[in-house]
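Structural characterization, general
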Amino acid sequence: SQQGEEDPQALSIQEGENATMNCSYKTSINNLQWYRQNSGRGLVHLILIRSNEREKHSGRLRVTLDTSKKSSSLLITASRAADTASYFCATDEDTGKLIFGQGTTLQVKP
Amino acid sequence: DTEVTQTPKHLVMGMTNKKSLKCEQHMGHRAMYWYKQKAKKPPELMFVYSYEKLSINESVPSRFSPECPNSSLLNLHLHALQPEDSALYLCASSQVAGTDTGELFFGEGSRLTVL
């Protein structure tokens, strides 16, 4: 079963611009995580935000969580060509399952 | 060592073959996972092992048979697969499974083609 819906499905920006991706989910969660996947590779964990947190920062990443709206956003500031990848949100349903959203494909043009 | 190692990287098999995918981690993690990922789709959870016991099976067909010989190793045995089973198979581990799962560490995947 897929929990999250991500928006937009695809995003193309110029290097140096900011990229914002959104994730919506349906059930209550313990935490929400964001992962990056380069083409054909494994997933890399970026950041985890707990259900009692509203905002979290890690380097050029900023994540927000609104549990009342069951939504989260990932902001990548000052994007680089190396940020080109697919980005997935994943929700921890407190059942031992981490369920991934549909993903956003980000292209950063040099 | 924060690596999850998967072998083989690529596998081509016929529908009557029996093969296995292997996964290894040495981070002391007690939860291990198999995910299946089709092109341009998100990873789909297949199995979760917690403390070497199968805790979640997401209604996966019996032609996929997981095995956890010890806390560091996870295998996925494949038999009588169909062409639609062709996908990237991802192994992951985490410190624990269940309440507040935390970060998953993924391997690079095994790309399976079924002819």
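Each remark here, short or long, concerns the structure printed above.
Cut-off values and rules
- Residues numbered from 1 in each chain as written.
- Chains lettered and ligands numbered in written order.
- Predicted model: local features only at pLDDT ≥ 70, side-chain atom pairs only at ≥ 80, totals over all residues.
- Heavy atoms only, no water.
- Phe/Tyr/Trp six-rings, centres within 6.5 Å; stacked < 30°, edge-to-face > 60°.
- Helix = DSSP H or I, 4+ residues; strand = E, 2+ residues; numbered from the N terminus.
- Buried < 20%, exposed > 50% of the residue type's maximum accessible area, 1.4 Å probe, protein only.
- Pairing = 2+ DSSP bridges.
- Axes fitted to C-alpha atoms, helices over the stretch in contact; angles between N-to-C directions.
- Contact = heavy atoms within 4.5 Å.
- Buried area = accessible area lost by both parts, 1.4 Å probe.
- Salt bridge = Lys/Arg side-chain N within 4 Å of Asp/Glu carboxyl O.
- Polar contact = N/O pair within 3.5 Å; in protein donor to acceptor, adjacent residues only side chain to side chain.
- Nonpolar A, V, L, I, M, F, W, Y, C, P; charged D, E, K, R; others polar.

Attention shifts here to the packing of aromatic side chains. Enumeration over the complete set of coordinates arrives at eight aromatic pairs over all chains. Each ring, one from Phe88 of chain A and one from Phe100 of chain A, has its centre 6.4 Å from the other, and the planes form 85°; the classification is edge-to-face. Residue Phe88 of chain A is located in strand 9 (residues 85–92), and its partner Phe100 of chain A is located in strand 10 (residues 98–100); the two are separated by 12 residues in the primary sequence. Each member of the pair, Phe88 of chain A together with Phe100 of chain A, is buried. Taken together, Tyr35, Phe88 and Phe100 of chain A together with Tyr33, Tyr35 and Phe106 of chain B form an aromatic cluster joined through their ring pairs.

In this section: the sheet that holds strand 8 (residues 71–76) of chain A. Residue and element names in this part refer to chain A. The antiparallel open sheet is built from five strands, whose spatial order is 1-3-8-7-6. Both outer strands of the open sheet, strand 1 (5–7) and strand 6 (55–58), are each paired with one neighbouring strand and no more. The sheet shows a mean angle of 15° between the axes of neighbouring strands, direction not considered. Sheet analysis places strand 3 (residues 19–24) next to strand 8, joined by six bridges and oriented antiparallel. Bridge assignment links Asn22 to a residue of strand 8, and that residue is Ser73.

Residue Pro8 of chain A is reached from Asp7 of chain A by a cis peptide bond, and omega for that bond is 0°. Its place among the elements puts Pro8 of chain A in the loop between strand 1 and strand 2 (10–14). The residue after Thr7 of chain B, namely Pro8 of chain B, is reached through a cis peptide bond having omega -10°. The phi dihedral of Ala80 of chain B falls on the positive side, at around 55°, and the residue is not glycine. Within the secondary structure layout, Ala80 of chain B lies in the loop between strand 8 (73–79) and strand 9 (87–94). Of the residues examined, Ala80 of chain B reaches a relative accessible area of 31% and is grouped as partly exposed.

With 25 residues of chain B at the interface, the matching set in chain A holds 24 residues. Taken over both partners, the interface formed by chain B and chain A buries close to 1800 Å², and the fraction arising from carbon and sulfur atoms is 50%. The interface formed by chain B and chain A holds two salt bridges in total. Across the pair Lys97 of chain A and Glu58 of chain B runs a salt bridge whose closest N-O atoms are separated by 3.0 Å. Here chain B and chain A share seven residue pairs in polar contact (both at pLDDT 80 or more) between them. Contributing elements (two or more residues each) for the side of chain B that touches chain A: strand 4 (31–37), strand 5 (44–50) and strand 9 of chain B. Its residues placed into classes, the side of chain B that touches chain A shows 12 nonpolar, six polar and seven charged.

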